[in-house]
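Report on the structure
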Amino acid sequence: MDNNLQVIEQNGQLLVDSREVAEMVGKRHTDLLRSIDGYVTILLNAKLRSVEFFLESTYQDSTGRSLKHFYLTRKGCDMVANKMTGEKGVLFTAAYVTQFNQMEQSLQNFSNLSPQLQQMIRLEQKQNEADQRIDKLENNLGINAYQQTVIQKRINKRVYELVERYGEDSEGKRRMFSSIHRNFRDAFAVPTYKDLRKLDFEEAISWIGTWRPLI
């Protein structure tokens, strides 16, 4: 689990990005969004203010598409953490409580500084946030042509290994190729292997090496 959870200040509110939460707890972002949508629906049906927990927003992915994400308040983090069990829930709770407390302490100390120093710190914080966004954007870029070729060759190699092991005929080989590509798309939430994120390249190589068709 990645314990690097960034808390940001936005219009006087402390928030964390649902993409970071998903990455930290090892959950697909689409699955987390589905859960949060469910929480929002329940809150709205109960006449509660969902914005005190979750703030819907959008971001652009590496292809320029506008996609949905949420900002979570401390209450929102509490709700997500309460639905988690075991080690992941404990570590996520420890991380966001620590980060929120540190950010609150920093803001309290910040208010005692001169206006000039406050302005300098704000500029530095904005630059740091911009740098972090760039790093995340680079990690979310698609794999390059060479990496696409590597993935394709690994898929071919794996299928032929299994075809030989199970003694499949040409029709069985065709079904196996179809199956591994379908499973790959589901595992990494991409339209094709060519759309794989660079961040997931090594994991994809490992996944292909252990893939087996469902029997």
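This one's a predicted model, so the numbers in the text were calculated from it and none came from an experiment. (Residues numbered from 1 in each chain as written. Predicted model: local features only at pLDDT ≥ 70, side-chain atom pairs only at ≥ 80, totals over all residues. Heavy atoms only, no water.)

Observations concerning the overall build of the protein chain
In terms of helices and strands, the protein chain carries eight helices and four strands. Each helix (α) and strand (β) of the protein chain, taken in turn from the N terminus, gives the series β-β-α-α-β-β-α-α-α-α-α-α. Across the 215 residues that make up the protein chain, the buried fraction comes to 33%. Long-range contacts, defined here as pairs at least 24 residues apart, represent 55% of the contacts in the protein chain between residues at least 6 apart. Taken as a whole, the protein chain presents about 13,600 Å² of accessible surface, with 49% of it coming from carbon and sulfur. (Helix = DSSP H or I, 4+ residues; strand = E, 2+ residues; numbered from the N terminus. Buried < 20%, exposed > 50% of the residue type's maximum accessible area, 1.4 Å probe, protein only. Contact = heavy atoms within 4.5 Å. Areas by Shrake-Rupley, 256 points an atom, 1.4 Å probe, with all protein chains shown as cover.)

Quick look at the pattern of salt bridges
A complete count under the given rule lists ten salt bridges for this structure. Taking the shortest distance from any N to any O, the salt bridge between Glu161 and Arg158 comes out at 3.3 Å. Here the residue Glu161 and the residue Arg158 both occupy positions in helix α6 (residues 145-166), the gap between them amounting to three residues, near one helical turn. The partly exposed category is assigned to Glu161, whose relative accessible area is 29%. The closest approach of N and O atoms between Arg197 and Asp200, which form a salt bridge, is 2.9 Å. Residue class for Arg197 comes out partly exposed when judged on its relative accessible area of 29%. On the basis of relative accessible area, Asp200 is assigned to the buried category, the value being 11%. (Salt bridge = Lys/Arg side-chain N within 4 Å of Asp/Glu carboxyl O.)

Concerning unusual backbone geometry
Of note in this structure, Lys47 is not a glycine but carries a positive phi near 60°. Note on placement: Lys47 falls in the loop between α2 (29-45) and β3 (54-60).

Focus: the pairing of strand β2 (residues 13-17)
Burial analysis of β2 places four of its five residues in the buried class, which makes it a mostly covered element. As defined by bridge partners, strand β1 (residues 8-10) adjoins β2 across three bridges and the pair is classed as antiparallel. Bridge pairing in β2 places Glu9 opposite Leu14. (Pairing = 2+ DSSP bridges.)

Regarding the confidence of the model for the protein chain
When pLDDT drops low, the exact placement of atoms in the prediction is not to be read closely. For the protein chain, the average pLDDT comes to 83, and 80% of its residues sit at 70 or higher. Ranking the elements of the protein chain by mean pLDDT puts helix α5 (residues 115-139) last, at 62, and α6 first, at 93. (pLDDT = per-residue confidence, 0-100.)

Quick look at helix α8 (residues 201-210)
Taken together, the buried positions of α8 are occupied by Phe201, Ala204, Ile205 and Ile208. Relative to the axis of α8, the buried residues are bounded by an arc of 100° and lie together on one face. Summarising the geometry of α8, the exposed residues directed more than 90 degrees from the buried face are Glu202 and Thr210. Considering only its buried residues, α8 is in contact with α6 and α7 (170-188). (Arc of directions from axis to C-beta.)

Things to note about the nonpolar core
Val16, Ile36, Phe54, Leu72 and Phe92 are the most contacted members of the largest nonpolar core, which totals 27 residues. Every element with two or more residues in this core is listed here: β2, α1 (18-25), α2, β4 (66-72), α3 (74-82) and α4 (86-110). The dominant element in this core, judged by the number of residues it contributes, is α2, at six residues. Those residues in contact with Ile36 that sit more than four places away from it in its chain are Ser18, Phe54, Phe70 and Leu72. (Core = buried A, V, L, I, M, F, W, Y, C linked by side-chain atoms within 4.5 Å.)

Brief notes about the packing of α6 against α7
The N-to-C vectors of α6 and α7 enclose an angle of 135°; their axes lie 10 Å apart at closest approach. Viewed along their axes, α6 and α7 adopt a mutual orientation that is oblique. The crossing of α6 and α7 is right-handed. Where α6 approaches α7, its residues Ile151, Ile155, Asn156, Arg158, Val159, Tyr160, Leu162, Val163 and Tyr166 are matched on the opposing element by Lys173, Met176, Phe177, Ile180, His181 and Phe184. Its residues assigned to classes, the contact of α6 with α7 comprises eleven nonpolar, two polar and two charged. (Axes fitted to C-alpha atoms, helices over the stretch in contact; angles between N-to-C directions. Parallel < 35°, antiparallel > 145°, perpendicular 65-115°, else oblique. Left-handed = near helix turned anticlockwise from the far one by under 90°. Nonpolar A, V, L, I, M, F, W, Y, C, P; charged D, E, K, R; others polar.)

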